[in-house]
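Residue-level structure breakdown
Chain residues, written in single-letter form:
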Amino acid sequence: DQQVKQNSPSLSVQEGRISILNCDYTNSMFDYFLWYKKYPAEGPTFLISISSIKDKNEDGRFTVFLNKSAKHLSLHIVPSQPGDSAVYFCAASGSGTSYGKLTFGQGTILTVHP
Amino acid sequence: ETGVTQSPTHLIKTRGQQVTLRCSSQSGHNTVSWYQQALGQGPQFIFQYYREEENGRGNFPPRFSGLQFPNYSSELNVNALELDDSALYLCATSKRGSYNEQFFGPGTRLTVL
């Protein structure tokens, strides 16, 4: 039962263009969503998050959009840089006893070409 | 500020053996979570510890157990290893009240033969 899904295993974009990574979830109890970036031989690094009471959160080049009715979130990276090449995971968490127990998607490999 | 560290980096065991993985918490973090990442998959939540007690568990059998120590470091123990236990094991630490923003260590790569 995959509660968080990233349906695109990989994405390739040109430097300077926009990267859009997508994530879908099925559990309506999720109320906090995060994106992590992972380089080889390193642990995931927190990138940006969004609470279910918002539909957009921005931090520099990174913006996360949440569409609760569609149970969909996306990460936009503008402009994309070669150093952004990594595996991106979306993750979700519920409230109460589920708070802080992250459920991850399978990841999307982003490659940004110079 | 010291980040999250894990030991060992790599480990090879045979089926049926037991293994202990270790995690040192980032300074100021009192909560530790463990995740299993199989090849090509996202991390899967195993359990979380706070104040030396288990504070939630994912869908893993009892042969996966843990400990948290007074200095907030932690161990993950796996008994009766199976081939499917081969994975990257990640620990993540966080501050109380910020459980969602977890800081991950580099992981321990376990191979079961």
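Up top you'll find the structure we're talking about.
Residues numbered from 1 in each chain as written. Chains lettered and ligands numbered in written order. Predicted model: local features only at pLDDT ≥ 70, side-chain atom pairs only at ≥ 80, totals over all residues. Heavy atoms only, no water.

**Observations concerning the pattern of salt bridges**
Residue and element names in this part refer to chain B. This structure, assessed with the given rule, holds six salt bridges over all chains. Among the ionic pairs, E75 bridges to R22, the shortest N-O distance being 3.5 Å. Taken together, the residues E75 in strand β8 (residues 74–78) and R22 in strand β3 (residues 19–24) connect sequence positions 53 residues apart. The class of E75 is buried, set by a relative accessible area of 15%. In this structure R22 comes out as partly exposed when scored by relative accessible area, which is 42%. A salt bridge links E54 to R57; the nearest nitrogen and oxygen atoms lie 3.1 Å apart. (Salt bridge = Lys/Arg side-chain N within 4 Å of Asp/Glu carboxyl O. Helix = DSSP H or I, 4+ residues; strand = E, 2+ residues; numbered from the N terminus. Buried < 20%, exposed > 50% of the residue type's maximum accessible area, 1.4 Å probe, protein only.)

**Observations regarding the nonpolar core**
By size, the foremost hydrophobic cluster in this structure holds 23 residues, and its most contacted members are A:F33, A:W35, A:L73, A:L75 and A:Y88. Taken together, the elements giving at least two residues each to this core come down to β3 (19–25), β4 (32–38), β5 (45–51), β7 (62–67), β8 (72–77), β9 (86–93) and β11 (108–113) of chain A. Here this core gets four residues from one element, more than from any other, and that element is β9(A). Counting residues in each nonpolar core, the second largest holds 20 residues, with B:F47, B:F60, B:A87 and B:Y89 among its members. (Core = buried A, V, L, I, M, F, W, Y, C linked by side-chain atoms within 4.5 Å.)

**Details of unusual backbone geometry**
Omega for the peptide link from A:V78 to A:P79 comes to -10°, which places this bond in the cis form. Note the cis peptide between B:S7 and B:P8, where omega equals -10°. Tracing the chain through its elements places B:P8 in the loop between β1 (5–7) and β2 (10–13). Phi is positive for B:R51, which is not a glycine, with a value near 50°. Relative accessible area serves as the criterion here: at 58%, B:R51 is assigned to the exposed category. The backbone phi angle of B:E52 is positive, close to 65°, even though this residue is not glycine. With respect to the element layout, B:E52 can be found in the loop between β5 (44–50) and β6 (53–57). Classification of B:E52 by relative accessible area gives partly exposed; the value is 45%.

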